[in-house]
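So the chains spell out like this:
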Amino acid sequence: MERIPILKLGDFLLVTIQVDMHDRLAMNLQDDLTNKISETKPAGVLIDISSLEVVDSFIGRMIGNIAAMSRVLDAETVVVGMQPAVAITLVELGLSLPGVRTALNVDAGMELLREQAARREELTSGGAKA
Amino acid sequence: MSAISEILNKYRSELLEDWLSEMTGSIRRSDLMGTDELRQQAVHFLDLLQLGANASTDGDLSGPAWQDMRELLIDISRSRAAQGFTASETARFVLSFKKPLFARLRRESKDADGLASQTWEANNMLDNIGLYTTEVFLKSREAIIQRQQQDMLELSTPVVKLWEGILALPLIGTLDSARTQIVMESLLQQIVNTGSRVAIIDITGVPTVDTLVAQHLLKTVTAARLMGADCIISGIRPQIAQTIVHLGVGLGDVITKATLADAFVVALQRTGSTISKTQR
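Residues numbered from 1 in each chain as written. Chains lettered and ligands numbered in written order. Predicted model: local features only at pLDDT ≥ 70, side-chain atom pairs only at ≥ 80, totals over all residues.

Describe the nonpolar core, listing the residues and the values that go with them.
In terms of nonpolar packing, the biggest core is built from 66 residues, with A87 of chain A together with A199, I200 and M227 of chain B touching the most fellow members. Counting residues per element, this core draws most heavily on helix 9 (residues 211–226) of chain B, at six residues. Those residues within four positions of M227 of chain B in sequence are excluded, and the remaining contacts are M82, P84, A87, T102 and L104 of chain A together with L188 and I191 of chain B. In this structure, I4, M69, A91 and F93 of chain B belong to the second largest nonpolar core, which totals 25 residues. (Core = buried A, V, L, I, M, F, W, Y, C linked by C-beta atoms within 7 Å. Buried ≥ 20, exposed ≤ 12 C-beta atoms within 10 Å, placed from the backbone. Helix = DSSP H or I, 4+ residues; strand = E, 2+ residues; numbered from the N terminus. Contact = placed C-beta atoms within 7 Å.)

Lay out the interface of chain A and chain B in plain terms, naming residues and giving numbers.
The interface of chain A with chain B comprises 14 residues on the first partner and 15 residues on the second. For the side of chain A that touches chain B, the elements supplying multiple residues, two or more each, are helix 3 (84–92) and strand 5 (101–103) of chain A. Among the elements that make up the side of chain A that touches chain B, the one with the highest residue count is helix 3 of chain A (five residues). Tallied by class, the residues present in the side of chain A that touches chain B amount to 11 nonpolar, three polar and no charged. (Nonpolar A, V, L, I, M, F, W, Y, C, P; charged D, E, K, R; others polar.)

Please provide a residue-by-residue account of helix 1 (residues 3–10) of chain B, values included.
All names here are of chain B. Among the residues of helix 1, I4, I7 and L8 are the ones counted as buried. Looking straight down helix 1, one finds its buried side chains confined to an arc of 100°; they lie on one side. Away from the buried face of helix 1 by more than 90 degrees, exposed residues N9 and K10 are located. (Arc of directions from axis to C-beta.)

Give me the lowdown on the sheet that holds strand 2 (residues 166–172) of chain B, citing residues and values where you can.
Residues and elements named next belong to chain B. As summarised here, the arrangement of the five strands in space is 1-2-3-4-5, forming an open sheet in which the pairing is mixed. Among the strands making up the open sheet, the edge pair consists of strand 1 (160–163) and strand 5 (255–257). Across the sheet, the axes of successive neighbouring strands diverge by a mean angle of 30°, strand direction being ignored. Of the pairings in the sheet, the one linking strand 4 (residues 230–234) to strand 5 comprises three bridges and is parallel in character. Following the sheet pairing, S234 is matched in strand 5 by K257. Across the face of the sheet, helix 8 (residues 177–194) comes into contact with strand 1, strand 2 and strand 3 (198–205) while running at roughly 165° to strand 2. On top of the sheet, helix 11 (residues 260–271) reaches strand 1, strand 2, strand 3, strand 4 and strand 5; it is set at about 175° to strand 3, its chief contact. (Pairing = 2+ DSSP bridges. Axes fitted to C-alpha atoms, helices over the stretch in contact; angles between N-to-C directions.)

These figures capture arrangement, not role.
Here it is as structure tokens:
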């Protein structure tokens, strides 16, 4: 069965969507990613959708859902590289994905995740001291 | 062969001269068009009218016999639209042919019944031809207007790069859906091309903001956020601030700044740059 690979990169998980999503693929990704997060307990998840050129309301919702789920599982999530046409479509569909972090490209996304992880570290170590 | 095409054939040169003098008296615009050119068009018109009238005189111009005539009319209307003739002047080129033609019909006719039906036939045919020229004339005018609108759209939406990672979009003039769509697309495309993290939309030059425009602005901001860029709206004038609040449009958590300069400072902070005066 067709699957989207989930790569572990240091403390983060990397999901790059290189093909056009269809419904089954998105459902699989949702299952795989949630399982993988609970297995590996990453500090952050980066979802790269720069090659995604076609979205419908379902895929738009799934992107939002997947991001929300990883956040619930205590991993900071950032969606990067959304194409202009995709962004316009999602807005026109009324899917503004509130609460989902976004970044321009993988570089900016990784930077954002590192900042978040550092801040979290600070908080936990500060909490331990007190 | 119908009576009309017979007359066209028989009195060809007479008709032409009468018609030309008719046009010279009433509608010829010597400032826009020379006599030779007009005569040339008239001769060509008569040839093709003859050709068409041989086939049908019921006023239906869609047949193959009228093909050349239609092309000539399109040609004439287009060139007149470009030369600055009015719509009625263009139509009267055809309609002024009625008087000489009817005069010949009357002279040739034997009985009142025949004359009435022939006159009706000729009248109907020339009216249709005249209407066709008007239609083409208006269409070519519309095409000119459309092209200019397109030009204006393209001219009026520049996206400027202010700093590394900072884009500005100064909006000038009224925003409608079509224009906002282009603005949105070009801004988002530039965000990708330049990898900018902050975009400033300056609406100092927008005279009015209604619910639709506010909606469009919000959409643009949301789309930019989805792509990972922040938007700042600047240059909101007092009246516009009042309208926005009265209309109940929540600009939500969009950052708004009074001037482009203020917005630029915020943008610099976001990208981690600062501006300072040099010591002298």
